[in-house]
Amino acid sequence: MTTRHGFGERFTDHMVMLEWTADHGWAGRPRLLPFGTLAFSPATAGLHYGQVVFEGLKAHRRQDGTLAAFRPDAHARRFRQSARRLAMPELPDKLFLEAVDAFVGRGGELLPVDDPTLSLYLRPVLFASEPCLALRPAREYTFLLMGFVTGGFFSDQPDPVSVLVTRDFSRAAPGGTGQVKCAGNYAGAFLAQRAAADAGCHQVVWLDPVEHRWIEEMGGMNLFFVRGTGPAAEVVTPPLTGTLLPGVTRDTLLTLAAQRGFTVREERISVDQWRSHSESGVITETFACGTAALVTPVGEAHDGDDRWLIGSGKPGPVTMELRDALCDLHQGRAVDRHGWLRACAVAGDGAPA
Ligand SMILES: *Cc1c(COP(=O)(O)O)cnc(C)c1O
């Protein structure tokens, strides 16, 4: 019997761990351990100086009963890039994938064959675990991979979100850490998210940090805009300027949209264009995407005293088509043309490996 929980509140009873030291490098292979409390020195460097990077990826039960992680190689690569930016050791992709296999192999029985809406969310994290307050990159690090069962993001009709364009805060700066998944980026974003909630909106929309004009992201998700309707519709997303997080879902949807015959563009869109083109009907849909919530329609935007609806404010057809295409791929109903699914052998649940 699988129970549903809030996102990231309850964890599976296992995790994976591996250490790195400056003297010995990675300490062998990832180890599967019971999930539990860890003891650390109050001087743990990561707590003080923020050398903490993480990833978020998912594994799904496919229609044929097998379990597969979605694009773990892309997440492994980004995890290395994040570590490099924070002067941390890079976990080799092979060890990252080994950790994913070990974790999913043990967690597979948590995903019942008869409920494809459940998935396993995997959270790898790497942090400076050296007990030392010297102001330099730490000489000891700990890698952990934990996870939990998630569902409920898969309702047939996702609820559109309302968003507040923030004029007070920037998420990232040129030359900063906006294009990697480091913990500090999220701490820096919470206050803007709270301001959006106080204004009655679900999410914050980030503008570029220099001109405060170009749309970058929504909360912790990438944004897409649809121009026009039907097969001639254009699917547009902001280019990776260095202050956006290069989402794996973003990359996946760019490919899926092109495959489905849409014109795909990576192009800057200003907040003024977003408003005026939504009002004139040139922009027909807007959606956000990320591993956790897949594809989320944006129904309404607020910018100061300006408010506008996107389309009718309901999930649009291109949004839903791409969302379904992504779910079909995850759940093995569509052909995996790009080798994005990594099959994980599950110990003892009777599913074909
Ligand atoms: C993780 C993240 C995304 C989405 O990335 P995915 O790889 O698609 O999950 C987008 N924006 C930010 C700021 C993120 O942290």
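Everything below is about the structure shown above.
The following paragraphs examine the structure supplied in this document. (Residues numbered from 1 in each chain as written. Predicted model: local features only at pLDDT ≥ 70, side-chain atom pairs only at ≥ 80, totals over all residues. Heavy atoms only, no water.)

## Structural notes on the environment of Q51
And then number 1: Along the chain, Q51 turns up in the loop between α1 (45–49) and β4 (52–54).
And then number 2: A polar side-chain atom of Q51 sits 2.8 Å from the main-chain carbonyl oxygen of L86.
And then number 3: Among the polar contacts made by the side chain of Q51, one reaches the main-chain carbonyl oxygen of A87 at a distance of 3.3 Å. (Helix = DSSP H or I, 4+ residues; strand = E, 2+ residues; numbered from the N terminus. Polar contact = N/O pair within 3.5 Å; in protein donor to acceptor, adjacent residues only side chain to side chain.)

## Description of the pattern of salt bridges
And then number 1: Under the definition given, this model contains 23 salt bridges.
And then number 2: For R78, the salt bridge is made with E55, and the minimal N-O distance between the two is 2.8 Å. In this pair, R78 sits in helix α2 (residues 72–85) while E55 sits in the loop between β4 and β5 (57–61), placing the two residues 23 residues apart along the sequence.
And then number 3: Exposure remark for E55: the relative accessible area of 0% places this residue in the buried category.
And then number 4: The salt bridge partner of R333 is D328, with a shortest N-O separation of 2.9 Å.
And then number 5: With relative accessibility at 40%, the residue R333 sits in the partly exposed group.
And then number 6: Shared partners join several salt bridges into a network, and the residues in it are R80, R84, E90 and D93. (Salt bridge = Lys/Arg side-chain N within 4 Å of Asp/Glu carboxyl O. Buried < 20%, exposed > 50% of the residue type's maximum accessible area, 1.4 Å probe, protein only.)

## Digging into the packing of α2 against helix α3 (residues 93–107)
The geometry of a pair of packed helices is captured by two quantities: the angle between their axes and the separation between those axes.
And then number 1: Across the interface, α2 lies against α3 with an axial gap of 9 Å and an inter-helix angle of 125°. Relative to α3, the element α2 is oriented oblique. As for how α2 packs across α3, the hand of that crossing is right-handed. Of the residues in α3, those in contact with P72, D73, H75, A76, R77, F79 and R80 of α2 are D93, F96 and L97. (Axes fitted to C-alpha atoms, helices over the stretch in contact; angles between N-to-C directions. Parallel < 35°, antiparallel > 145°, perpendicular 65-115°, else oblique. Left-handed = near helix turned anticlockwise from the far one by under 90°. Contact = heavy atoms within 4.5 Å.)

## What to know about the site of the ligand
And then number 1: Around the ligand, the surrounding shell holds 15 residues, and the nearest of these are K181, Y186, E217, T249 and T291.
And then number 2: Between Y186 and the ligand, the recorded distance is 2.3 Å, taken from a side-chain N or O atom to an oxygen atom.
And then number 3: In this structure, T291 approaches the ligand through a side-chain N or O atom, which is 2.6 Å from an oxygen atom.
And then number 4: Relative to its free-state accessible area of 380 Å², the ligand is covered by the protein chains to the extent of 96%.
And then number 5: For the shell around the ligand, the secondary-structure elements that each account for two or more residues are α2, β12 (221–227) and α5 (248–259).
And then number 6: The residue makeup of the shell around the ligand, split by class, is four nonpolar, seven polar and four charged. (Near = heavy atom within 4 Å. Areas by Shrake-Rupley, 256 points an atom, 1.4 Å probe, with all protein chains shown as cover. Nonpolar A, V, L, I, M, F, W, Y, C, P; charged D, E, K, R; others polar.)

Distances and angles like these do not, on their own, reveal function.
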